[in-house]
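# Coordinate inspection notes
Below, each chain spelled out in residue letters.
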Amino acid sequence: MFAPTFRKRYRNSKQAVALDLEEVRNTLEHATSEKWVVLVRSHIANSRQGMNVVFSDAVIDVTSYPDMNELLQVTDILISDYSSSIGDFALSGKLCLLFQDDLEEYKSHDRNLEFELEDSPFYHFHTQADLCQFLQNVSEIDAKANSDAILAFYGTHESGKSSLILSEMIAHACGKG
């Protein structure tokens, strides 16, 4: 899935996308010998105008789908730019990629980043060529290890048992445990 974040400059116009999603799909198909479909999700604040993407049977606009979390569950690789959804997706143990062809413009017109990308474990790319070169070897990438590094970078210590732990704490506090 390709899911870029909000851009102020596209509030009333189509969001420009410098990423050729057909080329990304073709690169993945060549690298894995499997068929791929690219889901495209515009940020809700830019969704009315859409993006300048050519949609097809293999590049599908899912912007109107109401639940981003459900889309992330069926996604094998998430390509975003500055969206916090990439941190959520890291919990899946699947491959998270950042495509940032407009980094300086984004920082000067939209928002600053919370950290320097070079200091983070994120795979990030500034050109289509670099992204596609990386994807040519996607089968060799340890997505789980990278996701774990991202979660550690954020200070996340998710065990998958937080509800159980919390219910035990409540039961203990109520004298039931």
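Structure shown above.
Residues numbered from 1 in each chain as written. Predicted model: local features only at pLDDT ≥ 70, side-chain atom pairs only at ≥ 80, totals over all residues. Heavy atoms only, no water.

## Overview of the nonpolar core
When a protein is soluble and globular, its nonpolar side chains tend to lie buried together. Of all hydrophobic cores here, the largest spans 22 residues; its most connected members are Ile79, Leu97 and Leu131. Listing elements by their share of this core, those giving two or more residues are α1 (21-32), β1 (38-40), β3 (77-80), β4 (95-99) and α5 (128-135). When residues of this core are assigned to their parent elements, the largest contribution, 4 residues, is made by α5. If we ignore the near neighbours within four places in the chain, the residues touching Leu97 are Ile77, Leu78, Ile79, Ser80, Ile86, Tyr123, Phe125, Leu131, Phe134 and Leu135. Of all hydrophobic cores here, the second largest spans 16 residues; its members include Leu39, Ala90, Phe122 and Leu151. (Core = buried A, V, L, I, M, F, W, Y, C linked by side-chain atoms within 4.5 Å. Buried < 20%, exposed > 50% of the residue type's maximum accessible area, 1.4 Å probe, protein only. Helix = DSSP H or I, 4+ residues; strand = E, 2+ residues; numbered from the N terminus. Contact = heavy atoms within 4.5 Å.)

## Brief notes about the environment of Val138
Note on placement: Val138 falls in the loop between α5 and α6 (143-154). Here the alpha-carbon distance between Val138 and Ala31, two residues 107 residues apart in the chain, equals 7.0 Å. Dropping the residues within four chain positions of it, Val138 is found in contact with Leu28, Ala31, Thr32, Ile77 and Leu95.

## Structural notes on the pattern of salt bridges
In the structure shown here, the tally under the stated rule is 3 salt bridges. Here Arg25 and Glu29 are joined by a salt bridge, their closest N and O atoms 2.6 Å apart. Separated by 4 residues within a single helix, Arg25 and Glu29 lie in helix α1, roughly one turn from each other. The class of Arg25 is buried, set by a relative accessible area of 12%. Classification of Glu29 by relative accessible area gives buried; the value is 15%. One salt bridge connects Asp148 with Lys144, and the closest N-O pair in it is separated by 2.8 Å. (Salt bridge = Lys/Arg side-chain N within 4 Å of Asp/Glu carboxyl O.)

## Some thoughts on the side chain of Asn146
For Asn146, the location among the structural elements is in helix α6. Within the structure, Asn146 has its side chain in polar contact with the backbone oxygen of Pro121 (distance 2.8 Å). If we skip the residues at most four places from it in the chain, Asn146 touches Cys96, Pro121 and Tyr123. (Polar contact = N/O pair within 3.5 Å; in protein donor to acceptor, adjacent residues only side chain to side chain.)

## Considering the pairing of β4
Within β4, 5 of the 5 residues are buried, which leaves it mostly tucked inside the rest of the structure. Residues Leu95, Leu97 and Phe99 point to one face of β4 and Cys96 and Leu98 to the other, with burial holding for every one of them. Both β3 and β4 contribute to a ladder of 4 bridges, which runs parallel. Across the sheet, residue Leu78 finds its bridge partner in β4, namely Cys96. In the classification by handedness, the crossover that spans β3, the intervening helix α3 (residues 85-90) and the parallel β4 is right-handed. (Pairing = 2+ DSSP bridges. Right-handed = clockwise from strand over helix to strand, strands pointing away.)

## Structural notes on the environment of Glu29
Sequence-wise, Glu29 and Gln136 are 107 residues apart; in three dimensions their C-alpha atoms are separated by 9.2 Å. Excluding anything up to four places from it in sequence, Glu29 contacts Glu34, Lys35 and Trp36.

## Here we look at the sheet that holds strand β5 (residues 123-125)
Spatially, the 3 strands line up as an open sheet ordered β3-β4-β5, and their pairing is parallel. Edge strands, defined here as strands with exactly one partner in the open sheet, are β3 and β5. Pairs of neighbouring strands in the sheet enclose a mean axial angle of 25 degrees, with direction left out of account. One ladder, built from 3 bridges, connects β4 with β5; its direction is parallel. Its bridge partner lying in β5, Leu98 is registered against His124. (Axes fitted to C-alpha atoms, helices over the stretch in contact; angles between N-to-C directions.)

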